[in-house]
Structure formats: C-alpha cells, structure tokens
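Coordinate inspection notes
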Amino acid sequence: MSALQNRRFVLIKRPTDMVQRTDFEFSTGPAGEPGPGEVLLRVLYLSLDPAMRGWMNESKSYIPPVGLGEVMRAIGLGRVVASNDPSLRSGDCATGLTGVQDYAVVAAKNLNKVDSNLPLPRYLGALGGTGLTAYFGLLEVGQPKPGETVVVSGAAGATGSVVGQIARIQGCRAVGIAGGAAKCRYLTEELGFDAAIDYKSEDVRAALSRHCPDGVNVFFDNVGGEILDVVLAQLARKARVVLCGAISQYNNRADVRGPKNYLSLVINSARMEGFIVFNYAQRYGEGIQALATWLAEGKIKAREDIVEGLENFPETFLKLFRGENFGKLIIKVADE
C-alpha cells in the first residue's frame, strides 16, 4: 500500500470569514495502512456541506472542531482497496467521514455499505445526509399536517429541495425561497412546489403574503438572517420553525445576525427548534428506506452538482456561500 500516493487538504489556519485556499495545506504523501477492524478507501466522491464551515471554528459545537494540522473533515464515498474487517470486502462501496483526500483509513464500523448498482453520488445527497436531514427535520421537528403551508429557504439546495417534495407527499402546500429565475422554475416545474420566491428579484415579504394568505405553518430554515426575520413575521398560529442551518451567517463571525422578530413566536403560540441530523442516527435505516421508495416511485427527484478535481476543493466549497450550486454539491475525486 505504501506505493499509493495520497493528496490531502490539511487545515492550517482557522478562517475568520470566507474560506481561502491559504487556510489549508495541500500536500502529497503515502496512503495509510488499515489496522485491525479498518479498511482503506479510495475516495471517489466528497460531499460539500455548509456545516463544514462550522467545523473549522474553534468553538463549542455538536462535534469537535477540526484540529489544526488535521485533514479537513468531510463525508465521502469510496471503494474499498484493502480490508481488515469481514463486514467490508475489497471492491465494496461505502460512505463515512473520509476527509478531503484521495485515500482514507477508516474503522469499518463507522462506514455504511451502499449498493453500487445505484448512482453513487445519490448516497451523498438524497440518500445521504442531506436527504436524511430533510426527512427527520421536516417530519419529526416540523410535524407537517395535510393542508398546511410549508415554506423552505434555500429551497433549490440539496436539503431544501427534498424538504419541499416531502411536504407535498404529506399533503401540504410547498413554497420555496431560492435565488434566481432558473432555480425557481426548477422548483415549480420539475419538483412540484406550489410556488417559488426569487429573493434576488422579488420582495420576499410581499411574495409570502401573496403565496401564504393564511400564514406559514411550517418554516424550514437553511439560511437565517433577513430571510428568517421576514418569515417569522408571517407565521400562522401554532406554527413550527425548523432551524436546520444559517448559511447567510456562517462567514459572519464578528457580527452574527439573530432574529429580530422572535416575538412573533409568542404572539402566534409558535415554536422554533434547532436540530442536528446526527440526533437520529439510530433511525437512518428508516429514513433511507422511505427516501429510496419515494425516489423509485418518482415522488422525489434529486439533482447533483458535481465538480471534478480534489485540487479544486477550496474554490468549489465557496460555491455554497455564493449560491452558485444547483443541487447537491459534490466533488468527484476519482473515476468509479
């Protein structure tokens, strides 16, 4: 295995705002050797997620920060090159925390074997963490009821797009907030959203009043900031606000903007709750089975935005914060 060369991105500086290439060291060295109970994965695809920005900060969170000098943490999908565990054999494909590198030595118990007969990138999107985030966040935290109106910010993204489609499956109206006419058309014409609001060209407050005349029953928020404030002002009685993320604030470390309209929760007897998909790890099988069934039945459609080249990681990651990705953002590291 020592002949295998491993390129990797190591975090060497904690970003204070937007991530830069100089926050990492891109180096090459020998791939590791798997020990007892471990496997060596050839990473094929990497999932790029907004949460990765938070993992770079040295602050209390649901998971320890990436240490300086450590390979940048990321969820990946790879093919087993060598195995010292009977649960995975050479040639099997699996997902887990691989890091931003070509090869990863990972404990087999921390990997999830996947069916290589399906499109592999899907296991990092609709059948992976983003799909599960949508599934548990909406159904368990948002608790939508038939006939209610569900509003989703970041609706054309990997998680938001699945949230809106699950809302429709549950008999709800789905209203998406996204950036750009193309993304809004995608929501209504391809994914079946009842309405889409282009925050780049529309008055979001006026559009919400028009599309949600009886108020917002469930708001699934991926954006935070001004969008959160605007939707809070439109809540219906007993509404549920699901805090999944706040991508508008992740690079704003000096002056994080919290909600100004939080008293709307009091006025409308509403609640706002944050969640982490890891809270539901024991139920991932349930979620994947439901999502796979809906995908097979055509009730959910998925889209991946795949960029080639491990070496392009820093620049590709920034697409998330510029609203440039269209669907689940993934880096292709190697041919399948």
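Here is a short report on the structure shown in this document. Sequence order as written defines residue numbering, which begins from 1 separately in each chain. Only residues with pLDDT of at least 70 get local features here, since the model is predicted, and only at 80 or more are side-chain atom pairs given and counted; chain-wide, interface and lining totals rely on the full set of residues. Side-chain descriptors were evaluated using all non-hydrogen atoms of the structure, hydrogens and water having been removed beforehand.

1. Some words on the pattern of salt bridges
So the rule is basically this: One side-chain nitrogen of Lys or Arg within 4 Å of one carboxyl oxygen of Asp or Glu is enough to make a salt bridge.
If you walk through the whole model with that rule in mind, you get 18 salt bridges. Through salt bridges with shared partners, a single ionic network connects Arg7, Arg42, Asp102 and Glu311.

2. Here we look at helix H8 (residues 284-296)
Which entries qualify depends on this criterion: Runs of E in the DSSP output that reach at least two residues are strands. Runs of H or I that reach at least four are helices, and both are numbered from the N terminus. Take the number of residues in a helix, subtract one, and multiply by 1.5 Å to get its expected span. Relative accessibility under 20% of the residue-type maximum defines a buried residue, over 50% an exposed one, and the middle range a partly exposed one, all with a 1.4 Å probe and only protein chains included. In this description, one arc is meant: the one made by directions from the helix axis to the C-beta atoms. By definition, residues are in contact when any of their heavy atoms lie within 4.5 Å.
Taking 1.5 Å per residue as the helical rise, H8 with its 13 residues ought to reach 18 Å, and the 18 Å between its terminal C-alpha atoms agrees with that figure. All of the buried residues along H8 are Tyr284, Gly287, Ala290, Leu291, Trp294 and Leu295. The buried side chains of H8 occupy one side of the element, clustering within an arc of 135 degrees when seen end-on. Exposed side chains of H8 directed beyond 90 degrees from the buried face belong to Gly285, Gln289 and Ala296. Residues of H8 that are buried sit in contact with helix H2 (129-142) and helix H3 (158-169). Two residues or fewer past H8, Gly298 is found with a positive phi of approximately 80 degrees.

3. Considerations on unusual backbone geometry
For Gln143, which is not glycine, the phi torsion reads 45 degrees and is therefore positive. Considering the arrangement of structural elements, one finds Gln143 in the loop between H2 and strand E8 (149-153). Classification of Gln143 as partly exposed rests on a relative accessible area of 41%. Phi at Lys238 is positive, roughly 65 degrees, even though this residue is not glycine. Within the element layout of this structure, Lys238 appears in strand E12 (residues 235-243).

4. Digging into the packing of H2 against H8
Heads up, the condition is: Axis definition: a line fit to C-alpha positions, over the contact stretch in the case of helices; interaxial angles, taken between N-to-C directions, run 0 to 180 degrees. To sort the angles, those under 35 degrees are grouped as roughly parallel, those over 145 as roughly antiparallel, those from 65 to 115 as roughly perpendicular, and the leftovers as oblique. Under this grouping Gly is polar, as are all residues other than the nonpolar Ala, Val, Leu, Ile, Met, Phe, Trp, Tyr, Cys and Pro and the charged Asp, Glu, Lys and Arg.
Closest axis-to-axis distance for the H2/H8 pair is 10 Å, and the angle between their directions is 100 degrees. The angle between the axes of H2 and H8 places the two elements in the roughly perpendicular class. On H8, the residues touching Gly131, Leu132, Tyr135 and Phe136 of H2 are Tyr284, Glu286, Gly287, Ile288, Ala290, Leu291 and Trp294. In the contact of H2 with H8, the residues fall into 8 nonpolar, 2 polar and 1 charged.

5. What to know about the side chain of Asn325
Condition: For the purposes of these results, a polar contact is taken to be a pair of N or O atoms within 3.5 Å, where, inside protein, one atom must be able to donate a hydrogen and its partner to accept one; residues adjacent in sequence count only when each atom of the pair is a side-chain atom.
By secondary structure assignment, the location of Asn325 is in the loop between helix H9 (313-317) and strand E15 (328-332). The exposure class of Asn325 is buried, given its relative accessible area of 10%. From its side chain, Asn325 meets the backbone oxygen of Gly327 in a polar contact 3.0 Å long. Dropping the residues within four chain positions of it, Asn325 is found in contact with Lys183, Asp305, Lys319 and Leu320.

6. Brief notes about the packing of H2 against H3
For any two helices packed against each other, one specifies the crossing angle of their axes together with the interaxial distance. Operational definition: By convention, the crossing between two helices is left-handed when the near helix turns anticlockwise from the far helix through less than a right angle, and right-handed when the turn is clockwise.
At a minimum axis distance of 8 Å, the contact between H2 and H3 shows a crossing angle of 45 degrees. Regarding the angle of H2 to H3, the classification is oblique. Taken as a pair, H2 and H3 cross one another with a handedness that is right-handed. For the pair H2 and H3, the contacting residues are Thr130, Gly131, Thr133, Ala134, Tyr135, Leu138 and Leu139 in the first and Ala158, Thr159, Val162, Val163, Ile166 and Ala167 in the second. In terms of residue class, the contact of H2 with H3 is built from 9 nonpolar, 4 polar and no charged.

7. What to know about the packing of aromatic side chains
Aromatic ring pairs are defined here through the distance separating the ring centres and the angle between the ring planes. Selection rule: Pairing of aromatic side chains requires ring centres within 6.5 Å, counting the rings of Phe and Tyr and the six-membered ring of Trp. Pairs whose planes differ by under 30 degrees are stacked, by over 60 edge-to-face, and all others tilted. Look at NZ for Lys and CZ for Arg. If either is within 6 Å of the ring centre and within 35 degrees of the ring normal, a charge sits over the ring.
A complete count under the given rule lists 11 aromatic pairs for this structure. Relative to Phe136, the ring of Tyr135 lies with its centre 4.9 Å away and its plane at 90 degrees, an arrangement referred to as edge-to-face. When its relative accessible area of 0% is taken as the criterion, Phe136 is described as buried. Their ring planes at 70 degrees and their centres at 6.3 Å tell us that Phe220 and Phe275 sit as a pair that is edge-to-face. Remark: Phe275 occurs in the loop between strand E13 (271-274) and H8 and Phe220 occurs in strand E11 (residues 216-221); sequence separation between them is 55 residues. Owing to a relative accessible area of 6%, Phe275 belongs among the buried residues under this scheme. Taking the ring centre of Tyr103 as reference, the NZ or CZ of Arg42 above it sits at 4.8 Å. A cation over a ring is seen here: Arg303 above Phe326, with NZ or CZ 3.8 Å from the ring centre.

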